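Working through the structure, step by step
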Amino acid sequence: MNEIRKSRPASASLGLLRRSLLGMTALGVAAFGLGALAQPVEAQTLRAVKHSDLRVLDPIITTAYMSRNHGYMVFDTLVALDANFEVQPQMADWEISDDGMTYRFTLRDGLMFHDGEPVRPADVIASIRRWGERDGMGQVLMTYIDSMEGDGDNVVVINLTQPYGLVLDSLAKPSSNVPFIMPERLASTPSTEAIPEQIGSGPFRFVQDEFQPGVRAVYVKNEDYIPRDEPSSWAAGGKVVNVDRVEWVTMADDQTALSALLAGEIDYWEQPPADLLPILESNPELVVRNQNELGYQTIGRMNFLHAPFDDQQVRQAALAALNQQDILDAMIGNPDLYNVCPAMFICGTPLASDVGAEFATESHMDRARELLEASSYDGTPLVIMHPTDVVTLRTQPVVATQLLRDAGFEVDLQAMDWQTLVGRRASQAAPDDGGWNMFFTNWVGADVFNPLVNNMVNGRGAEGGWFGWPDVPEAEELRKAYAEATDPAEQVEYARQLQELAYDEVMYVPVGEYIVPASWSTNLEGVLDGPAPFFWNITKN
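These numbers come from a predicted model, not from an experiment.

What counts and how
- Residues numbered from 1 in each chain as written.
- Predicted model: local features only at pLDDT ≥ 70, side-chain atom pairs only at ≥ 80, totals over all residues.
- Heavy atoms only, no water.
- Disulfide = S-S within 2.5 Å.
- Buried < 20%, exposed > 50% of the residue type's maximum accessible area, 1.4 Å probe, protein only.
- Salt bridge = Lys/Arg side-chain N within 4 Å of Asp/Glu carboxyl O.
- Helix = DSSP H or I, 4+ residues; strand = E, 2+ residues; numbered from the N terminus.
- Phe/Tyr/Trp six-rings, centres within 6.5 Å; stacked < 30°, edge-to-face > 60°.

A full pass over the atoms with the stated rule returns one disulfide. Between the sulfur of Cys-341 and that of Cys-347 lies a disulfide, 2.1 Å long from S to S. Judged by the sign of its S-S torsion, about 105 degrees, the cystine formed by Cys-341 and Cys-347 is right-handed. For the pair shown, Cys-341 and Cys-347 are each scored as buried.

A complete count under the given rule lists 30 salt bridges for this structure. As a salt-bridge pair, Lys-173 and Asp-447 come within 3.9 Å of each other at their nearest N and O atoms. One end of the pair, Lys-173, is in the loop between α6 (167-171) and β9 (180-181); the other, Asp-447, is in the loop between β19 (438-444) and α15 (473-484), and 274 residues separate them in sequence. For the residue pair Lys-173 and Asp-447, the accessibility class agrees, reading buried in each case. Because the salt bridges share partners, they merge into one network encompassing Arg-47, Glu-210, Arg-216, Arg-245 and Glu-247.

With that out of the way, let us pick up the packing of aromatic side chains. Summed over the entire model, instances satisfying the criterion amount to 24 aromatic pairs. An angle of 35 degrees between the planes, with centres 6.0 Å apart, marks the rings of Phe-75 and Phe-180 as tilted. On the criterion of sequence distance, the pair formed by Phe-75 in the loop between α3 (65-74) and β2 (76-77) and Phe-180 in strand β9 is long-range, its members being 105 residues apart. Comparing Phe-75 with Phe-180, the two get one shared label, buried. With 4.8 Å between their ring centres and 55 degrees between their planes, Tyr-219 and Trp-248 make a pair best called tilted. Here Tyr-219, found in strand β11 (residues 216-221), pairs with Trp-248, found in strand β12 (residues 245-249); they are 29 residues apart in sequence, far enough to count as distant. By the burial criterion, Tyr-219 is buried, and Trp-248 matches it. A connected cluster of aromatic rings, assembled from ring pairs, spans Tyr-65, Trp-436, Phe-439, Trp-443, Trp-466, Phe-467 and Trp-469.

Written out as structure tokens, the structure reads:
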């Protein structure tokens, strides 16, 4: 077996070891309709340019990171993961029975939703159920839950069918989908439909009247929020809000965002492109730092429901045609910021492996053409969705299109913005009826580094699977075996078998790992690291 390169800092590898073994210009601004940004910046308003605009507000019906980020502003979680990869109390403390069959969560005092209603056990139960219908790790957890019930006004009791050691890990899942707690009346919304209101108990309130999709989203400090006493650490600890208002403004043009940051019209830029980092790094009034030590995995996903990718040979032909090095060179450019990696569960972790990945990192055109010729492919163009507004998503489809054409595929590359793609990828319609054949996306390492959090190895198909919907029952058996294994060696073996199966079925195509440093004004202090950008704990001078 080839050695899997470790590109993570030692601290990240140690954290991953613990978790894996447990389970886890001003004119330019005006041109965008944002001339208000040229006005003097209020001392207590923090303005940020995120990696995309916000359109989907429900963080449960989609895994899109803008929706997750929005969720962290508005909602809170029962428990949370800290920077040491340890589960900590957030909305509740817990007790576990001696036999491991019962978990009692006691809600802390003063928890109130933004509409003034107290947080009740019924709210928690309904929220967990809805999340458990959509999230891969949540789906597994729900198979072990016998019942959930309230005990008085502030206790939630979860009874299991058998001991399961990943209850807390599941409820502390730090990235998409996060088990956010919302009022029962909202959590009762079918998990296939968006909730009608944005009412949470989190540290910020969403200002619906000022929301302009494609322009800006506005949040104000929740004056009724009572933070925990512990220091902020990743998603855990005290969520102390030190600014009055946070505005996420949309600037799809990189030069516009650069000019706005240099001019002090915005305070924070989540994902500047790699070629602009030297300009930012040379400015003493700016900080440039990677906030996510686990990095990202960029991937290609095929639609198993429709031709031609309902044919395994066609999927294997596409896998053989793709090339990590070409995609990463075009997407990132700087080899210090990326890593060619065949491991589905992230290089540098105990679950890292190259099993099954013979055709994963380099193009094998002869093999691709041979497989395509022997398959059912009839020359119908592949519909590949191409988001043009997100710097870390606009390159992969272009490079992949050329590689696939070289292998003999016909390709229809359809340009759109990312939020349009987020909506369209949920469609199970045929490609010629508004559906799709392939798209690319990125995942933070915390979302892929074991078989339970990695949604792409979910084999539940059209009912319960992630977009693309592979129906691979054996994958579900291996995920279940991994979940129940208590011996780390057994977990490694089940993960190895699952990766081998996933590559054979081409459940998805890993196309490399990378990091994206963020940049912000030195006027900001207390900016936290984590798998998502958090806006509590920040002071603005």
